[in-house]
Amino acid sequence: AVVSTQSTGVNGDDVEEAHDQHRSYVVLRVCRIFRVIRVFKFIRHSQDLILIIKVVGHAKKELGLLVLLLFIFSVSFGSLMYYIEHATNPQFNSIMQGCWWAIVTITTIGYGDVVPQTWLGKIVGSFVLTLGIVFLALPMTIIVGKFSNVYEKEKDRE
């Protein structure tokens, strides 16, 4: 066995200095995080922000149901679109790509990076987009109702 005696040009002092410099950057990042967290202390001074936090707290079940339905619809329609489109459309190369398309379509973002090309895919896409509009509109009515209830309770307390 031949052992190489060539130097790589990096000595131990350089490595130690780079490690110390990395540690100091980590300390700076932590300080920045604390600066951002300080902003959240202002929430307790704003009655409007406190009211919004209470509304979100009262609507936890509804918002949780919204996330669960988004997951179920994304997996269902993403899988369906994969099986409809994968033979003719290289953009739908996996079920996960179909799920990405479903999330973007349901939330009405519509990036346009993945689009159906078959007529059946376009029909399903139209249905998913319409479902997405209804999907986003229903929770808003629930949240507005919760907001009214919390607002009236806060008004009565004052």
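All of these numbers come straight from a predicted model, not from anything done at the bench.

Draft legend 1. Region of the structure containing the environment of E154. Relative to the helices and strands, E154 is located in helix α5 (residues 119-157). In the structure, E154 is positioned 103 residues away from L51 in sequence and 8.3 Å away in space, judged by C-alpha atoms. In contact with E154, not counting residues within four places along its chain, are L51 and K54. In terms of polar contacts, E154 uses its side chain to reach the side chain of K54, at 2.7 Å.

Draft legend 2. A nonpolar patch on the surface, seen in detail. A cluster of nonpolar side chains, contributed by V26, V30, I33, F34, V36, I37 and F40, occupies part of the molecular surface with about 660 Å² of accessible area. Residue placement: I33 occurs in helix α1 (residues 12-39).

Draft legend 3. Structural context of helix α4 (residues 95-106). Here α4 contains 12 residues, and its C-alpha end-to-end distance of 16 Å stays within 8% of the 16 Å for a straight helix at 1.5 Å per residue. Taken as a whole, α4 has its buried residues at G98, C99, W101, A102, V104, T105 and I106. Residues of α4 that are buried in the fold lie against α3 (60-85) and α5.

Draft legend 4. Molecular detail of the packing of α4 against α5. Interaxial distance between α4 and α5 falls to 8 Å at its minimum, and their mutual angle equals 50 degrees. In this view, α4 runs oblique relative to α5, as classed from their interaxial angle. Contacts from W101, T105 and I106 in α4 reach G125, V128, L129, G132, F135 and L136 in α5.

Draft legend 5. Representation of the pattern of salt bridges in the model. Inspection of every chain in the model, using the stated rule, returns two salt bridges. Notably, a salt bridge pairs E154 with K54, separated by 2.7 Å at the nearest N-O pair. Note that E154 is positioned in helix α5 and K54 in helix α2 (residues 47-58), a separation of 100 residues in sequence. Classification of E154 by relative accessible area gives buried; the value is 17%.

Draft legend 6. Molecular detail of the side chain of S74. Tracing the backbone through its elements, the reader meets S74 in helix α3. Of the polar contacts made by the side chain of S74, one reaches the backbone oxygen of L70; its length is 2.6 Å. Discounting residues that sit within four places of it in the chain, S74 has contacts with S79, C99, A102, I103 and I106.

Quick notes on the rules
- Residues numbered from 1 in each chain as written.
- Predicted model: local features only at pLDDT ≥ 70, side-chain atom pairs only at ≥ 80, totals over all residues.
- Heavy atoms only, no water.
- Helix = DSSP H or I, 4+ residues; strand = E, 2+ residues; numbered from the N terminus.
- Contact = heavy atoms within 4.5 Å.
- Polar contact = N/O pair within 3.5 Å; in protein donor to acceptor, adjacent residues only side chain to side chain.
- Patch = residues over 30% accessible without salt bridge, like charges linked within 9 Å, V, L, I, M, F, W, Y side chains within 5 Å.
- Areas by Shrake-Rupley, 256 points an atom, 1.4 Å probe, with all protein chains shown as cover.
- Salt bridge = Lys/Arg side-chain N within 4 Å of Asp/Glu carboxyl O.
- Expected span 1.5 Å × (residues − 1).
- Buried < 20%, exposed > 50% of the residue type's maximum accessible area, 1.4 Å probe, protein only.
- Axes fitted to C-alpha atoms, helices over the stretch in contact; angles between N-to-C directions.
- Parallel < 35°, antiparallel > 145°, perpendicular 65-115°, else oblique.

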